[in-house]
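Listed here are the chains, written in short residue letters.
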Amino acid sequence: MTTHSPFRPSFGVSPPLLAGRGGTIQAFATSLDDPTGSSLSVSLVTGHSGVGKTVLLNKLEAISRARGRLVVAETATRGLPARITADRLHPPSSGRTIDVLITIDEVHGGDIDELRTVLTTCKAAARGGPRVDVVVAGLPPAATSLAGQRALPLLRDAHRVELGMIDHDEAAVAIRVPVERAGRTISDDALAKAAAAARGYPFLIQLVGHLAWSRRPGSTTITSADVTSASVEAARLVGRMIHEPSLRRLAPPELGFLEAMAADDHPSFLCDISARTGSTPGDAEACALWLTEADLIEPAGQRRVAFALPYLRECLRDTR
Ligand SMILES: Nc1ncnc2c1ncn2[C@@H]1O[C@H](COP(=O)(O)OP(=O)(O)O)[C@@H](O)[C@H]1O
Ligand SMILES: [Mg+2]
């Protein structure tokens, strides 16, 4: 039995078991193997921070490499067009046509010109013979803004993959299987508690798993008591590592809006927020838009808004 935790609560680091993404991965693999597939395909992966965009890209890259494709993995930082050049997509030394996967992680709303140049390069490369698949990933507001740009028709027509939270049963598998593979067990009630505490949020699946494992690493079984204390610490850490830094950057009206939302146990009606904060409906709406673009809240239908990530409500309640 190893005493090292198998869990990976770090951004960009692949988990021991990638839960809930089987359909997306299978569809990607099938499309790569489809000889009638078009020579250029563009996909846009969206999801809140910590939901697993980067590790999904890692997986698609591994699948492509295993099929002998050239993989160009990039992040959308300044100077992207200089890094994704025609030569790089079509290495002259290879002497034969090699299909290519290009991944571009962390796109943001300000990338229009650079992305347009890159997509033009990809399109030209696909005309030259190889099959080119481009997968672009970003937060929902950035991706929505880019996909709405007339100047980026390839992104507008891209295949959309929206990564959401993972359901309870799949979260439980993502915790139980790594524990068992590493030589320990987890009791049924402990597992149910851990999956519930993770609330389907992939980063928390890793964090709760890791903390529960680390309570008594030398014992054979992870118990309900281990998970109870791990869950309390996980909620606190998510607040400290993710939510508090975001809240510190907010101006008083936006912070007041979120605090007013935290009074509800469910998605909030904009009219209630405007009444609680004493702001006009127009100001409340502008605030909601700003917070949506900052990826802190999301529309929840019928003029309602919800927190984008688990434990943000609790963090606001605790720190005020
Ligand atoms: N499908 C998944 N199942 C289990 N854990 C996951 C899954 N996707 C991501 N994770 C874990 O969640 C964390 C965040 O993943 P990451 O890809 O960095 O998110 P994003 O790029 O969306 O911010 C990492 O610790 C990763 O191991
Ligand atoms: Mg990422």
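The name an unreviewed UniProt entry gives the protein is ATP-binding protein, with Tomitella cavernea as the organism.

Undergrad: I'd like a rundown of the packing of helix H8 (residues 168-181) against helix H9 (residues 188-198), residues and numbers included.
TA: The geometry of H8 relative to H9 is characterised by a closest axis approach of 9 Å and an angle of 115° between their N-to-C directions. The element H8 and its partner H9 pack so that their crossing is right-handed. Seen from H8, the contacting residues are His-168, Ala-171, Ala-172, Ile-175 and Arg-176; seen from H9, they are Leu-191, Ala-194, Ala-195, Ala-196 and Ala-198.

Undergrad: Help me get a handle on the sheet that holds strand S4 (residues 132-138), residues and values and all.
TA: Read across the sheet, five strands follow the order S2-S3-S4-S1-S5 without closing on themselves; strand pairing throughout is parallel. Each end of this open sheet is capped by a strand with a single partner; those strands are strand S2 (70-75) and strand S5 (159-162). Sheet twist, expressed as the mean angle between neighbouring strand axes with direction ignored, is 15°. Bridge analysis of strand S1 (residues 40-46) against S5 gives four bridges, and the strand direction is parallel. Each residue of the ladder has a partner; that of Val-45, found in S5, is Val-161. On top of the sheet, helix H5 (residues 112-127) reaches S1, strand S3 (100-107) and S4; it is set at about 160° to S4, its chief contact.

Undergrad: Which residues make up the site of ligand 1, and what are the values?
TA: Near ligand 1 you find 25 residues, and of these Pro-15, Gly-52, Lys-53, Thr-54 and Pro-202 are the closest. Within the residue set of the shell around ligand 1, elements represented by two or more residues are helix H2 (53-66) and helix H10 (202-215). By residue number, the principal contributor to the shell around ligand 1 is H10, which donates four residues. Within the shell around ligand 1, the residues separate by chemical class into twelve nonpolar, ten polar and three charged. Shared between two domains, the shell around ligand 1 takes at least three residues from each, and those domains are domain 1 (22-162) and domain 2 (168-246).

Cut-offs and rules
Every chain's residues receive numbers from 1 upward, in the order its sequence appears when written. Chain letters start at A and ligand numbers start at 1, both assigned in the order the entries are written. Totals for whole chains, interfaces and linings use every residue, but because this is a predicted model, local features are given only for residues with pLDDT of at least 70 and side-chain atom pairs only at 80 or more, for both listing and counting. Where helices are involved, their axes are fitted lines through C-alpha atoms of the stretch in contact, as for all axes, and angles between N-to-C directions lie from 0 to 180°. Under the DSSP-based scheme used, a helix requires at least four consecutive residues in state H or I and a strand at least two consecutive residues in state E, with every element numbered from the N terminus. The sense of a crossing depends on the near helix, which, turned anticlockwise from the far helix by less than a right angle, makes the crossing left-handed and, turned clockwise, makes it right-handed. In this description, any two residues whose backbone-derived C-beta atoms lie within 7 Å of each other are considered to be in contact. In this analysis, strands are considered paired if DSSP registers two or more bridges between them. Proximity of a residue to a molecule or strand is defined by its backbone-placed C-beta atom lying within 6 Å of that partner. Polarity classes work like this: nonpolar for Ala, Val, Leu, Ile, Met, Phe, Trp, Tyr, Cys and Pro, charged for Asp, Glu, Lys and Arg, and polar for all others, with Gly in that last group. Domains are outlined according to an automatic or database domain assignment.

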